[in-house]
Amino acid sequence: MNYELIFVKIIHRILISILNCFISCTVKRDSDILVIAHRGASGYLPEHTLPAKALAFGMNPDYIEQDVVLSKDDVPVVIHDIHLETTTNVQELFPNRCREDGRYYVIDFLWEELQKLKVTERFDARTHQTVYPKRFPKDVATFHLHTLSQELEFIQGLNTSMQKNVGVYVEIKEPQFHRNHQKDISKIVLKTLAYYGYTTKKDRCVLQCFDAVELRRIREEYQSKLFLVQLLEIGYLDAPFQNKSTQNIVQEISEYADGIGPWYKQLLPGKNQVTIDGFSELVDLAHQQQLKVHAFTFRADDLVEFSSFEALLEKAKTLKLDGIFTDHPDLAVTYLKKKNH
Ligand code: CA
């Protein structure tokens, strides 16, 4: 028996299997669906608080999301709404500072004042009931607002100390509203991102906006090289897309953006009342234009007609999504990543 030949064959097989494993891991990794921690780990801690961002970071998402609104003195603040009364104690602390519509606007407060507010789990300002009753209890523990700069420093610090490369996924909120108050929110956000080293598509940063005119302006007027995502919520939006075919919408977006962010419920034919006719082909049409598709928002406590969160996540695969925003990044990472490795 030629032991030398057998030994060579065994070594050859081992090398081939290592190579195959490497190739298949690489290929499969490319097919991963990106997990974007929506407002942090907001299924477990009050949204857009630094603790919610820290918890999200520990869950190994690809990106953590920041929504940005300007204060009266032009500080970019991480908060979802242009209003304060559904996530903070502003009514209690500044009872006389609401406008005639009864709402308290971030843009009417100095950053120094905003820092005094306590943040809590999202609630209905009239009934004071939380929106998601099984989440973190209302008015328990102490949380505060923070700036975009503070959050970028926080995530970059964690990337250093934990040897990771978690990205940031920044949304410019209501640019037209800001413009009505003589503020150019995009300019300020782009400047802040650039200061922290986020200027190109390689910098692990995505910039998103619902306002199509503004996102095009960011690409064409401000010459941003960032990865841009056009958010889409038909019905809520949006003059440039009204009465246009899905194909035309996607074609237009591809002129200035790198991806789209649709509401996944609008992609589910027959599943619910927000489904849009012809929208189910959106993902394929977007891919034909080399646009990535990152859909919002996957919640384990809002399952539509799905029997479980896993079933909903499985739908993300059959819809061929490239990424999902989720309030429960741990569950999404576990489910979506384990299936690929
Ligand atoms: Ca957002």
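Preceding this paragraph is the structure being described.
Okay, so let's go over this structure. Along every chain, residues carry numbers that run from 1 in the direction the sequence is written. A pLDDT threshold of at least 70 governs which residues receive local features in this predicted model, and a stricter bar of 80 or more applies before side-chain atom pairs are shown or counted, although totals over entire chains, interfaces and linings include all residues. Calculated side-chain values reflect all of the structure's heavy atoms, with hydrogen atoms and water omitted.

**Focus: helix H7 (residues 185-195)**
Working step 1: Every buried residue of H7 is accounted for by Ile 185, Ser 186, Val 189, Leu 190, Thr 192 and Leu 193. For H7, the angular spread of buried residues about the axis comes to 160°, placing them on one side. Those residues of H7 that are exposed and angled more than 90 degrees off the buried face are Lys 187, Lys 191 and Tyr 195.
Working step 2: Gly 197 lies just past H7 and shows a positive phi near 90°. The cut-offs for exposure are 20% and 50% of the maximum accessible area for each residue type, with area from a 1.4 Å probe on protein chains only; residues under the lower value are buried, those over the upper are exposed, and the others partly exposed. The way it works is that DSSP assigns letters per residue, a run of H or I at least four long becomes a helix, a run of E at least two long becomes a strand, and they are numbered from the N terminus. As used here, the arc is the angular range of directions from the helix axis to the C-beta atoms.

**Things to note about the packing of helix H5 (residues 148-161) against H7**
Working step 1: In this description, a line fitted to the C-alpha atoms serves as the axis of each element, helices being fitted only across the stretch in contact, and the angle between N-to-C directions of two axes falls anywhere from 0 to 180 degrees. The geometry of H5 relative to H7 is characterised by a closest axis approach of 10 Å and an angle of 25° between their N-to-C directions. On the basis of their axis angle, the class for H5 and H7 is roughly parallel. Crossing of H5 against H7: the hand is right-handed. Every residue of H7 that contacts H5 at Leu 148, Ser 149 and Leu 152 is listed here: Val 189, Thr 192 and Leu 193.
Working step 2: Lys, Arg, Asp and Glu make up the charged group, whereas Ala, Val, Leu, Ile, Met, Phe, Trp, Tyr, Cys and Pro make up the nonpolar group; the residues left over, Gly among them, are polar. Looking at the contact of H5 with H7, its residues break down into four nonpolar, two polar and no charged. Orientation categories follow fixed angle ranges, with anything under 35 degrees roughly parallel, anything over 145 roughly antiparallel, 65 to 115 roughly perpendicular, and all other angles oblique. Take the far helix as the reference: if the near one is turned anticlockwise from it by less than a right angle, the crossing is left-handed, and if turned clockwise, right-handed. Here, two residues are considered to be in contact whenever any of their heavy atoms come within 4.5 Å of each other.

**Looking at the nonpolar core**
Working step 1: Buried Ala, Val, Leu, Ile, Met, Phe, Trp, Tyr and Cys residues that are joined via side-chain atoms within 4.5 Å together make up what is termed a nonpolar core. Of all hydrophobic cores here, the largest spans 65 residues; its most connected members are Val 189, Leu 193, Leu 207, Ile 253, Phe 298, Leu 321 and Ile 324.
Working step 2: Residues within four places of Ile 253 in sequence aside, it is in contact with Gln 230, Leu 232, Phe 241, Gly 259, Ile 260 and Leu 291.
Working step 3: In this structure, Val 77, Ile 82, Ile 107 and Phe 143 belong to the second largest nonpolar core, which totals 22 residues.

**Some remarks on the side chain of Glu 113**
Working step 1: With respect to the helices and strands, the residue Glu 113 is situated in helix H4 (residues 111-114).
Working step 2: In this structure Glu 113 comes out as buried when scored by relative accessible area, which is 16%.
Working step 3: Within 3.5 Å is the distance limit for a polar contact, defined as a pair of N or O atoms, with the added protein rule that one can donate a hydrogen and the other accept it, and that residues adjacent in sequence qualify only through two side-chain atoms. Reaching out from Glu 113, the side chain makes a polar contact with the side chain of Arg 97 at a distance of 3.1 Å.
Working step 4: Look past the residues within four positions of Glu 113 in its chain and what remains in contact with it is Phe 94, Arg 97 and Asp 108.

**Things to note about the coordination of the calcium ion**
Each angle at a metal carrying four tetrahedral donors should ideally be 109.5 degrees, and each at a metal carrying six octahedral donors should ideally be 90 or 180 degrees.
Working step 1: Coordinating donors are taken to be N, O and S atoms lying within 2.8 Å of the metal, or within 3.2 Å when the metal is Na, K or Ca; because water is excluded from the atom set, some sites may appear incomplete. The coordination sphere of the calcium ion contains the protein donors Glu 65 (OE), Asp 67 (OD) and Glu 171 (OE), at a distance range of 2.2 to 2.3 Å.
Working step 2: Sequence positions of the donors to the calcium ion reduce to the motif E-x1-D-x103-E. Here Asp 67 is found in strand E2 (residues 63-70), whereas its partner Glu 171 is found in strand E4 (residues 167-172), with 104 residues between them in sequence. Just as Asp 67 is buried, Glu 171 falls in that class too.

**Structural notes on the pairing of E4**
Working step 1: Of all six residues in E4, six are buried, a share of seventy percent or more.
Working step 2: Going residue by residue along E4, you find Gly 167, Tyr 169 and Glu 171 tucked away on one face and Val 168, Val 170 and Ile 172 tucked away on the opposite face as well.
Working step 3: Here the rule is simple: two strands pair whenever DSSP picks up at least two bridges between them. Relative to strand E5 (residues 205-209), E4 is paired through four bridges, and the arrangement is parallel. Looking at E5, one finds that Val 168 is bridged to Cys 205.

**A few points about the packing of helix H2 (residues 50-58) against H5**
Working step 1: H5 packs onto H2 with a crossing angle of 30° between their chain directions and a minimal axis gap of 11 Å. What the angle tells us is that H2 and H5 run roughly parallel. Crossing geometry of H2 relative to H5 is assigned as right-handed. Of H5, the residues touching H2 (which contributes Leu 50, Lys 53, Ala 54 and Phe 57) are Glu 151, Phe 154, Ile 155, Leu 158 and Asn 159.
Working step 2: Residue composition of the contact of H2 with H5, grouped by class: six nonpolar, one polar and two charged.

**A short note on unusual backbone geometry**
Working step 1: Backbone geometry places Asn 60, a non-glycine residue, at a positive phi of 60°.
Working step 2: Among the structural elements, Asn 60 can be located in the loop between H2 and E2.
Working step 3: With a relative accessible area of 40%, Asn 60 lands in the partly exposed category.
Working step 4: Located in the positive-phi region is Ala 141, a residue other than glycine, with phi close to 65°.
Working step 5: When you line up the elements, Ala 141 lands in the loop between H4 and H5.

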